[in-house]
Amino acid sequence: MFAIHNRVIRQGDGASTPLILTNAYPVDGRMWERCAVRIAALADEAGLADFAIWAPDMPGSGLSSTPSDEQSGRRAPNGSYPDALDRMAESYVAMLHEAGYDKAVWVGLSMGGYLVTDLYRLHPEAVAGVALCDTMASSDGVGGEARLETSNACESTNGVQPVMHFAQAGPGDSTVKRSQAFIDQMTSWIHDQTPAGLAWRQRMTYGRPELAGVPERMDVPVAVVSGELDPTSNPSVMKPLAERIGSNAVFTSIADCGHFSAVEHPDTVAAALVDLMRRVD
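What counts and what doesn't
- Residue positions are given per chain, counted from 1 along the sequence in the order it is written.
- In keeping with the model being predicted, local features are shown solely for residues with a pLDDT of at least 70 and side-chain atom pairs are shown and tallied solely at 80 or more, while totals for entire chains, interfaces and linings include all residues.
- Neither water nor hydrogens contribute to the side-chain values; these are computed over all heavy atoms in the structure.
- Only buried residues count toward a nonpolar core. Its members are Ala, Val, Leu, Ile, Met, Phe, Trp, Tyr and Cys residues joined through side-chain atoms within 4.5 Å.
- For each residue, the accessible area found with a 1.4 Å probe, counting protein chains only, is set against the maximum for its type, and the residue is called buried under 20%, exposed over 50%, and partly exposed in between.
- Contacts: residue pairs with any heavy atoms within 4.5 Å of one another.
- Secondary structure elements are defined from DSSP: runs of H or I of at least 4 residues count as helices, runs of E of at least 2 residues count as strands, and each element is numbered from the N terminus.
- In the sections that follow, a salt bridge refers to a side-chain nitrogen of Lys or Arg positioned within 4 Å of a carboxyl oxygen of Asp or Glu.
- Axis definition: a line fitted to C-alpha atoms, limited for helices to the stretch in contact. Angles are taken between N-to-C directions and run from 0 to 180 degrees.
- Here the angle decides the label: under 35 degrees means roughly parallel, over 145 means roughly antiparallel, 65 to 115 means roughly perpendicular, and every other value means oblique.
- Crossing handedness follows the turn of the near helix against the far one: under a right angle anticlockwise gives a left-handed crossing, and clockwise gives a right-handed one.
- For this classification, Asp, Glu, Lys and Arg are treated as charged, while Ala, Val, Leu, Ile, Met, Phe, Trp, Tyr, Cys and Pro are nonpolar and the rest, including Gly, are polar.

You'll find the protein entered in an unreviewed UniProt entry as Hydrolase, alpha/beta domain protein, with Bifidobacterium angulatum DSM 20098 = JCM 7096 given as the organism.

Below is the structure:
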């Protein structure tokens, strides 16, 4: 099992289904903190049960250690880890059970969405609801080679500069992403990561199993969230996914929003997640 640093935003009453927020690359669970505070406030206003809210650091990010080669399982000739995503999903379910819960509502943004989707594939019995935010199910294919190039660059330079473009903005990006506050925050979070952890997460993601078709099998309440300016997971990708999932999925499109929707528009994402918790409840 991988060691996971769990960031508990709200303890909850111990009886209600917890909400677990999984983070994107190349940052850690802190990306959810503002959104999580808003989730708690909106849930209270709606009269929902006092559910726990967690924002753990994905292995290789924040305060969670980077798994070793031995822990990660097989290493493919290209350096990717074909077993690592499955092992990470098992570790999250173990964390849930160790806290005394059988099920959770799992939320994944970008790389976190791969985790949540794989977790449902392996352990649907541990899933009470799902939110897929700015993510996809299909594998990268040939385009995924860039992940391995990033891993090699982080390791060879022993630095975080190869992923610093996540903190940079262009003229077509959202108003928030172009703001100095967002740039400064993302820059700070990235500087807090380790080169080894950044490399491991990309090798894990490249090696992930094909997850296409898994969301369509989800028979729990689902929220699908997409920033309209997201270059990879915009509504042209995410809305058809929600439609394929079916009537149990609610789609939320966010204007003037890029890939990091929970950071760029935490209030809107919080409202979608509170609606999901209401439907689960």
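(A) Just the nonpolar core, in detail. Formed by 90 residues in total, the largest nonpolar core has its most connected members in Leu21, Trp32 and Ile39. If near-sequence neighbours (up to four positions away) are discounted, Leu21 is found in contact with Trp32, Ala36, Ile39, Ile53, Trp54, Ala55, Pro56, Val107 and Leu273.

(B) How the structure looks around the side chain of Arg203. Inspection of the secondary structure assignment puts Arg203 in helix α7 (residues 195-206). Using a relative accessible area of 2% as the deciding quantity, one classes Arg203 as buried. Not counting the four nearest positions on each side in its chain, Arg203 is found in contact with Arg75, Asn78, Gly79, Ser80, Tyr81, Leu148, Ser151, Asn152 and Glu155.

(C) Here's a closer look at the pattern of salt bridges. Tallied over the full model, the rule gives 15 salt bridges. Between Arg244 and Glu216 there is a salt bridge, with its nearest N and O atoms 2.7 Å apart. In this pair, Arg244 is assigned in helix α8 (residues 235-245) and Glu216 in the loop between α7 and β6 (222-227), connecting sequence segments 28 residues apart. Glu216 sits in the partly exposed class, given a relative accessible area of 28%. Close ionic contact of Arg279 with Asp275 constitutes a salt bridge, the shortest N to O distance being 3.3 Å. Within this pair, Arg279 and its partner Asp275 are both found in helix α10 (residues 266-280), separated by four residues, close to a single helical turn.

(D) Summary view of the packing of helix α5 (residues 145-157) against α7. Contact geometry for α5 and α7: axes closest at 8 Å, N-to-C directions at 160 degrees. Here α5 is positioned roughly antiparallel relative to α7, judged by the angle of their axes. Every pair of crossing elements has a handedness; the one defined by α5 and α7 is left-handed. Here Glu145, Arg147, Leu148, Thr150, Ser151, Asn152, Cys154 and Glu155 of α5 lie close against α7, whose contacting residues are Pro195, Leu198, Ala199, Gln202, Arg203, Thr205 and Tyr206. A breakdown of the residues in the contact of α5 with α7 according to their chemical character gives six nonpolar, five polar and four charged.

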